[in-house]
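Commentary on secondary and tertiary structure
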Amino acid sequence: MPTPSDNDQAIRLAAFNALQALVERHGEVLPWEIIADGFQLHGEQHLFANRTRGIFWPRQMQETALSIKTTVPRGTRVARYDDDNIASDGAFLYKFQGTDVEARDNRRLVRAQQLDAPLIYLYGIEPGFYRPLWPVYISDVDLASHSFHVTVSEPETVKQRFVADAKLLSLERRYTTVQAKKRLHQAAFRQHVLNAYERRCAVCAFPRIELLDGAHILPDRDERGHAEVPNGLALCRLHHGAFDTNLMGIRPDGVIELAPSLLATQDGPTLEHALKGFVGKTLHLPRAKELRPKKLYLEERYERFRKVG
Ligand SMILES: [Zn+2]
């Protein structure tokens, strides 16, 4: 298997490391402003991506691209869980720039496939926000549908992949791509739910995004537990935990209840204020009706709370 040119590879590895640091610091979904700052290599500033281009490489890269990007258009309020960009082999489908595989941008990705060179995929979660995936590889060039097949791999494999067995490698990438898609859905769900609730807990209005979750009303594994905003609630960690363990229940009309066992307990300020203090109060819900919880979901969930309690 040929190796990517050393020059391109150095830029790539620096980009991967810089991206890792950004994700550790800011979380797995990055606003464009942070991505746009780029990264340093040998005192020189490089960009990860370009706002207007899908396929990008810094001018210092000679053969391949550094990143690909998909964008969610402005004005899209409700999440679309885009399954049209999924290929039959489980890979992501990434459209050619135009229709000509020989076009300048597309040639960079064809070359990345030939060299099995790792890339970054900036996956648009909502307008201006991206979940970076890396390393990703171009596993196929589909001339009929004018698209590249993109598979995800584990970051550790970037250095080891030349010794790996080709069949194992393809299995690993298939598995990692499936996992990456699941995490993408979760990240997108959380992001959309938090936006709908204006980044506050629906119970207590706590506003720090670091401590907020996108909670499912009907669990993910339930076949109706779709990752859509009307099956979600923005909840802080405490209230998410209480809701998930049925210590806190929500009536279909949005009124908060606590499990009898908890109501009977006497304890310090967390129990008295942060839990009992909300009994009988109503959830803060999104202004837009279509983003509010589905009554049917709340009813079913409340039934469960009553049974457990
Ligand atoms: Zn809360």
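This one's a predicted model, so the numbers in the text were calculated from it and none came from an experiment. (Residues numbered from 1 in each chain as written. Predicted model: local features only at pLDDT ≥ 70, side-chain atom pairs only at ≥ 80, totals over all residues. Heavy atoms only, no water.)

1. Re the overall build of the protein
Across its full length, the protein carries nine helices and 13 strands. Residues classed as buried in the protein amount to 49% of the 309 residues present. For the protein, the accessible surface area stands at approximately 15900 Å², while carbon and sulfur atoms represent 52% of it. (Helix = DSSP H or I, 4+ residues; strand = E, 2+ residues; numbered from the N terminus. Buried < 20%, exposed > 50% of the residue type's maximum accessible area, 1.4 Å probe, protein only. Areas by Shrake-Rupley, 256 points an atom, 1.4 Å probe, with all protein chains shown as cover.)

2. As for the packing of aromatic side chains
Evaluated as defined, the whole model comprises eight aromatic pairs. A centroid spacing of 5.5 Å and a plane angle of 70 degrees characterise the contact between Tyr-121 and Tyr-123, whose relative ring orientation is edge-to-face. Within the aromatic cluster, the residues linked to one another by ring pairs are Phe-92, Tyr-94, Tyr-121 and Tyr-123. Just above the ring of Trp-32 sits the side chain of Lys-69; from NZ or CZ to the centre is 5.5 Å. Over the face of the ring belonging to Tyr-137 we find Arg-173, whose NZ or CZ atom lies 3.5 Å from the ring centre. (Phe/Tyr/Trp six-rings, centres within 6.5 Å; stacked < 30°, edge-to-face > 60°. Lys NZ or Arg CZ within 6 Å of the ring centre and 35° of its normal.)

3. Overview of the coordination of the zinc ion
A metal bound by six donors in octahedral fashion has ideal angles of 90 or 180 degrees, whereas one bound by four tetrahedral donors has an ideal angle of 109.5 degrees. The protein atoms that coordinate the zinc ion are Cys-201 (SG), Cys-204 (SG), Cys-236 (SG) and His-239 (ND1), at distances of 2.1 to 2.3 Å. Each of the four donor atoms around the zinc ion contributes to a set of angles spanning 95 to 119 degrees, which defines the coordination as tetrahedral. The exposure class of Cys-201 is buried, given its relative accessible area of 1%. (Donors = N, O, S within 2.8 Å, 3.2 Å for Na, K, Ca; no water. Tetrahedral: all angles 85-135°; square planar, octahedral: opposite > 155°, others 65-115°.)

4. Brief notes about empty space enclosed by the protein
For the structure on display, the rule yields one cavity of 30 Å³ or more. Quantified by volume, the largest cavity comes out at close to 30 Å³. If you go around the largest cavity, the residues you meet are Phe-243, Gly-249, Ile-250, Leu-298, Arg-301, Tyr-302 and Phe-305. Counting only elements with at least two residues in the lining of the largest cavity, the list comes to β12 (248–250) and α9 (295–308). Its residues placed into classes, the lining of the largest cavity shows five nonpolar, one polar and one charged. (1 Å grid on protein atoms, 1.4 Å probe; cavity = no way out; pocket = protein on both sides within 12 Å on 5 of 7 lines; lining within 4 Å. Points joined across faces, edges and corners; volume = space filled by probe spheres on them. Nonpolar A, V, L, I, M, F, W, Y, C, P; charged D, E, K, R; others polar.)

5. A look at the layout of surface pockets
Estimated volume of the second largest pocket: approximately 470 Å³. Residue lining of the second largest pocket: 20 residues in total, with His-26, Gly-27, Arg-190, Gln-191 and Ile-209 positioned closest to the centre. Taken together, the elements giving at least two residues each to the lining of the second largest pocket come down to α5 (166–196) and β10 (212–216). Per element, the largest residue contribution to the lining of the second largest pocket is five residues, and it comes from α5. Its residues assigned to classes, the lining of the second largest pocket shows seven nonpolar, six polar and seven charged. Taken domain by domain, the lining of the second largest pocket gets at least three of its residues from each of domain 1 (6–194) and domain 2 (199–308). (Domains from an automatic or database assignment.)

6. Focus on the confidence of the model for the protein
Residues shown with low pLDDT carry predicted positions that ought not to be read at fine detail. Of the residues in the protein, 89% reach a pLDDT of 70 or more, and the chain-wide mean stands at 89. Ranking the elements of the protein by mean pLDDT puts helix α4 (residues 157–160) last, at 67, and strand β4 (residues 55–56) first, at 98. (pLDDT = per-residue confidence, 0-100.)

7. Observations regarding helix α6 (residues 237–244)
Restricting attention to buried positions, one finds in α6 the residues His-239, His-240, Ala-242 and Phe-243. Seen along its axis, α6 keeps its buried residues to an arc of 165 degrees; they face one direction. Where α6 is buried, its residues meet β10, β11 (232–236), β12, α8 (269–275) and α9. Directly beyond the C-terminal end of α6, a positive phi value near 60 degrees is found at Asn-246. (Arc of directions from axis to C-beta. Contact = heavy atoms within 4.5 Å.)

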